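Each chain, written out:
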Amino acid sequence: MSENTDKSSTGAAILIENVTKRYGGGKKPAVDQLTLEIPAGQIVMFVGPSGCGKTTTLKMINRLIEPTEGRLIINGEDVTDINGDKLRRKIGYVIQAGGLLPHLTVAANIGLVPKMLGWDKSRIAERVDELLDLVSLDADTYRDRYPKELSGGQQQRVGVARALAADPPVLLMDEPFGAVDPITRQRLQDELINIQAELHKTIVCVTHDFDEAVKLGDWIAVFDEGARIVQYDTPEQILANPANEFVENFIGSGAGLKQLNFARVKDVDMRPGVIGRPEQKPAEVLELVTLAERRNAVILDQRDRPLAWLSREQLKRMTELPKTRDENLPLVSTGSTLNDALDSMLQASTGSAIVVGNRDQFQGLISVETVMNAIRELRENASRQQAPVGNNTGEIPRVNGHGDDAAEDEAGAGSHAAVRTGRHAAPGDQAPSAGGSAAEPASASAEPETTSGTPWAGTRPEQGSSAADGTPSGGAAENPDRPEGRP
Amino acid sequence: MSSFFAERWEQILSASWQHFSLVVQCLILATVIAILLAALCYRSRGLTSLANNVSAIGLTIPSFALIGLLIIPFGFGVVPAVIVVVFFAVLPILRNAVVGLAGVDASTIEAARGIGMSRAKTFFRVELPLAWPVILAGMRVSAQMTMGIAAVAAYVLGPGLGSYIFSGLSRLGGANSLESVAVGVIAVVILAQILDAALLIIGRLTTSRGIRV
């Protein structure tokens, strides 16, 4: 990836090929003939009950645990037999509570890998400050502190900074946010999403928290005992169509509500409102409301910012329309998720909310019914994309092209969601998964969205514009031998 | 007493220095040996308990008997004295080193390995520094104990303050006998305190601020 124009190296594709891990002389392998491809530049979440082999699988990627059988291919290179220590220096590793070395300062911890790689002191110091800045810690304050002088969240941040120190293409995270309180966890997750939007690493993250998997993952692999892949798909698809009861149980209740996190207000149909201006007489506005057979009117100021939201009864009582802003208006922005919108509506107990765009300009109204419809549509139209291969049948996908340059194409495009275009061969079939999944110029193939019936497509900003159903993708063109998904 | 000291203070100081130097050198040697042994043992439960047992039983061996037996292969002089002092000095350090190394958080080691530190580098850069305060505590116990044990070196005509104690005891009742014993004992106690203080300071200087309690 040295020829990369971006100064940091972006993700590399990983292929776990037919890997088995047996401990001792045990009959039951901890990981049983697992084949799994991890697309370049994306976040893949491993979820599953404890003891299912997800952590073992993760640790086999950097060979902290050596596979008993099988091959490991990173960025097209077979790394099954190369020096494990050297391999690990090229793979970021984050564990619960950061795993900082307590006897070293923050700067020394972050500088460990660059030092092992033989960087000179000034370059290391520069990199340390850069990384502290990236993880939102003030370098001057924290550089010389020891881990015990940091809070749990700060330690975790330093752990992430250390993993990124030598700019590895791959980041492995083992329950990274398990040891911090829920509020800190949420902030760290948000920060990770931001960092990923900037760096486009290939991130493999183990978690037991399905909500975390949904929030962070581009793809989720649900594991059962023996690292058996029960389902490997997008969060949307898993929530909409869980493969079986096991996955359903794992998702827990409220799958519909969880889906609301994928959709944003701007993607659903807003209703226009009846608009009044403060200069008008209440009676005039009331007439408009009655004519439109609506119950409320939105009062806007000159710059189209909502001032008040008045019912017919209120309009009847008033002699003059309000000129100042009502601070309790149920406002949501076009960028809010439907989940946030629902929240605002329920809090305001209005059953609907006012949508505002840039500079608080009025855009329309959104109601609970709109959200309910969106849930239904989400279920019906959950993305049908070709999932990367994940199976335990020992089917080895043909590896071609291996996505090594895909990341470069994507780096500038600001989208790492090449895979998320509308291909949908069934997961687990023989499609040339590893190569095809990542090796397509992202922006080129991404159609302008909204032509499809998936109103939420491309709503997660970090995923770029995932395009419509049936868009012939660049990936398909590059791999003519691949079974055609859909015309 | 004061006249005894006044007349012989040069010899006493020189014997004290020999005693101190014997103990310090043996302590350094013992620390190296103990850490090597601990490094071999601490990862295996069986070897760990073996090390602990050896250390416990070893301490019950009378030093006097051991040094007497060592005369047979090694004769008189410094060699048997050093062997005895090192032997006893190793035991508490070994025990602490095993405990200290085994007590390093497994997740810390995993993190070190996970970012690409080799096995050896992990041991010297992570495990040993983290176990160091515990090892140092063992060294302090050893230092106190071997100050006393080093006195028996005089039995094999080795260096140190033991000669004052032995010669005093052998002619108990004679002129200056009590003074001789007292000088030996008091000097040993003082040296022990000095060494302990020195180790304490070394501990402060060599323990990372990040793991100081």
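Residues numbered from 1 in each chain as written. Chains lettered and ligands numbered in written order. Predicted model: local features only at pLDDT ≥ 70, side-chain atom pairs only at ≥ 80, totals over all residues.

## A word on the overall build of chain A
Condition: The helix count covers DSSP runs of H or I at least four residues long, the strand count covers runs of E at least two residues long, and both are numbered beginning at the N terminus. By definition, residues are in contact whenever their C-beta atoms, placed on the basis of the backbone, come within 7 Å of each other.
Assigned secondary structure in chain A consists of 20 helices and 17 strands. Long-range contacts, defined as pairs at least 24 residues apart, comprise 71% of the intrachain contacts of chain A with a sequence gap of at least 6.

## A word on the overall build of chain B
Put simply, the rule is: Burial in this document is a count-based property: other C-beta atoms within 10 Å of a residue's C-beta are tallied, and the residue is buried at 20 or more, exposed at 12 or fewer, or partly exposed in between, with C-beta positions derived from the backbone.
The secondary structure content of chain B amounts to eight helices and zero strands. The 213 residues of chain B split such that 41% are buried. Put simply, of all contacts in chain B between residues at least 6 apart along the chain, 74% involve residues at least 24 apart.

## Comments concerning helix 3 (residues 63–74) of chain B
We apply this condition: To estimate the expected span of a helix, count its residues, drop one, and scale the result by 1.5 Å.
The end-to-end C-alpha separation of helix 3 of chain B is 16 Å, in line with the 16 Å expected for 12 residues at 1.5 Å each. Backbone geometry just downstream of helix 3 of chain B places Gly 75 of chain B in the positive-phi region, at approximately 70 degrees.

## Comments concerning the sheet that holds strand 11 (residues 274–276) of chain A
Residues and elements named next belong to chain A. Put simply, the test is: When DSSP finds two or more bridges between two strands, those strands count as paired. In this description, a line fitted to the C-alpha atoms serves as the axis of each element, helices being fitted only across the stretch in contact, and the angle between N-to-C directions of two axes falls anywhere from 0 to 180 degrees.
Strand order across the open sheet formed by three strands is 11-12-13, with mixed pairing between neighbours. In this open sheet, the two edge strands, each paired with only one partner strand, are strand 11 and strand 13 (306–311). On average, each strand axis in the sheet is inclined to that of its neighbour by 30 degrees, with strand direction left out of account. Bridge count between strand 11 and strand 12 (residues 296–300): three bridges; the pairing is parallel. Within strand 12, the residue paired with Gly 276 across the bridge is Ile 299. Contacts between helix 13 (residues 282–291) and the sheet are confined to strand 11 and strand 12, with strand 12 contributing the most and set at about 135 degrees to the helix.

## Describing helix 15 (residues 338–348) of chain A
Stated precisely, the cut-off is as follows: This arc corresponds to the set of directions leading from the helix axis out to the C-beta atoms.
Three or more residues of helix 15 of chain A are buried, namely Leu 338, Ala 341, Leu 342 and Met 345 of chain A. Relative to the axis of helix 15 of chain A, the buried residues are bounded by an arc of 100 degrees and lie together on one face.

## Concerning the sheet that holds strand 16 (residues 362–367) of chain A
All names here are of chain A. Here three strands make up an open sheet; going across it, the order is 14-15-16 and the pairing mixed. With partners counted over all chains shown, the strands left at the sheet margins are strand 14 (331–333) and strand 16, one partner each. For this sheet, the mean inter-axis angle between neighbouring strands, taken without regard to orientation, is 35 degrees. As defined by bridge partners, strand 15 (residues 352–356) adjoins strand 16 across five bridges and the pair is classed as antiparallel.

## Looking at the environment of Pro 133 of chain B
Residues and elements named next belong to chain B. With respect to the helices and strands, the residue Pro 133 is situated in helix 6 (residues 119–149). Exposure remark for Pro 133: the 18 C-beta atoms within 10 Å place this residue in the partly exposed category. The sequence separation of Pro 133 and Ser 208 amounts to 75 residues, and the corresponding C-alpha distance is 9.4 Å. Those residues within four positions of Pro 133 in sequence are excluded, and the remaining contacts are Gly 203, Thr 207 and Ile 211.

## Some words on the packing of helix 1 (residues 2–41) of chain B against helix 2 (residues 45–58) of chain B
Each packed pair of helices is defined by two parameters, the angle between the axes and the distance between the axes. All names here are of chain B. Put simply, the rule reads: The nonpolar class holds Ala, Val, Leu, Ile, Met, Phe, Trp, Tyr, Cys and Pro. Asp, Glu, Lys and Arg form the charged class, and all remaining residues, Gly among them, are polar.
Closest axis-to-axis distance for the helix 1/helix 2 pair is 8 Å, and the angle between their directions is 145 degrees. Facing Leu 37, Ala 38, Leu 40 and Cys 41 of helix 1, the residues of helix 2 in contact are Leu 47, Thr 48 and Ala 51. Of the residues in the contact of helix 1 with helix 2, the class split is six nonpolar, one polar and no charged.

## Re the interface of chain B and chain A
In this assembly, 18 residues from chain B lie in contact with 20 residues from chain A. The set of elements that each furnish at least two residues to the side of chain B that touches chain A consists of helix 5 (106–114) and helix 6 of chain B. Here the side of chain B that touches chain A gets seven residues from one element, more than from any other, and that element is helix 5 of chain B. Tallied by class, the residues present in the side of chain B that touches chain A amount to eight nonpolar, seven polar and three charged.

## As for the packing of helix 4 (residues 78–102) of chain B against helix 6 of chain B
Residues and elements named next belong to chain B. Keep this limit in mind: Between 65 and 115 degrees an angle is taken as roughly perpendicular, under 35 as roughly parallel, over 145 as roughly antiparallel, and anywhere else as oblique. Rotating anticlockwise by less than a right angle from the far helix to the near helix defines a left-handed crossing, while the corresponding clockwise rotation defines a right-handed one.
Interaxial distance between helix 4 and helix 6 falls to 8 Å at its minimum, and their mutual angle equals 155 degrees. Put simply, helix 4 runs roughly antiparallel to helix 6. For the pair helix 4 and helix 6, the sense of crossing is right-handed. Residues Val 84, Val 85, Phe 88, Ala 89, Pro 92, Ile 93, Arg 95, Asn 96, Ala 97, Val 99, Gly 100 and Leu 101 of helix 4 form the contact with helix 6, whose participating residues are Glu 127, Ala 131, Val 134, Ile 135, Ala 137, Gly 138, Met 139, Val 141, Ser 142, Met 145, Thr 146 and Ile 149. Of the residues assigned to the contact of helix 4 with helix 6, the class counts are 17 nonpolar, five polar and two charged.

## Quick notes on the pairing of strand 8 (residues 202–207) of chain A
All names here are of chain A. Stated precisely, the cut-off is as follows: A clockwise course of the path from the first strand over the helix to the second, judged with the strands pointing away from the viewer, identifies a crossover as right-handed.
Burial analysis of strand 8 places six of its six residues in the buried class, which makes it a mostly covered element. Side chains of strand 8 alternate between two faces, with Thr 202, Val 204 and Val 206 and Ile 203, Cys 205 and Thr 207 buried alike. Taken together, the five bridges between strand 3 (residues 43–47) and strand 8 define a ladder with parallel strand orientation. Among the inter-strand pairings, Ile 43 is bridged to a residue of strand 8, identified as Ile 203. In the sheet, strand 7 (residues 170–174) pairs with strand 8 via five bridges, with the strands oriented parallel. Among the inter-strand pairings, Val 170 is bridged to a residue of strand 8, identified as Thr 202. In this fold, the crossover linking strand 7 to strand 8 by way of helix 8 (residues 182–199) has right-handed handedness.

## Observations regarding the nonpolar core
What counts here: In these notes, a nonpolar core means any group of buried Ala, Val, Leu, Ile, Met, Phe, Trp, Tyr and Cys residues linked to one another through C-beta atoms within 7 Å. Where each domain starts and ends follows an automatic or database-derived domain assignment.
In this structure, Ala 221 of chain A together with Val 23, Ala 38, Val 85 and Ala 97 of chain B are the most contacted members of the largest nonpolar core, which totals 175 residues. Of the residues forming this core, the biggest block, 15 residues, is contributed by helix 4 of chain B. Three or more residues apiece are contributed to this core by two domains, here domain 1 (1–90 + 168–241 + 382–487) and domain 2 (265–377) of chain A. Leaving out residues up to four positions away in the same chain, Ala 221 of chain A has contacts with Leu 36, Val 44, Phe 46, Ile 229, Tyr 232 and Gly 390 of chain A.

## Quick notes on the confidence of the model for chain B
All names here are of chain B. Going by this rule: As a per-residue measure, pLDDT tells how confident the predictor is, with possible values from 0 to 100.
For chain B, the mean per-residue pLDDT works out to 89, and 100% of the residues sit at or above 70. Predicted confidence in chain B is weakest over helix 7 (residues 162–170), with a mean pLDDT of 84, and strongest over helix 6, with 93. Across the whole predicted complex the pTM is 0.69, and at the interface the ipTM reaches 0.83.

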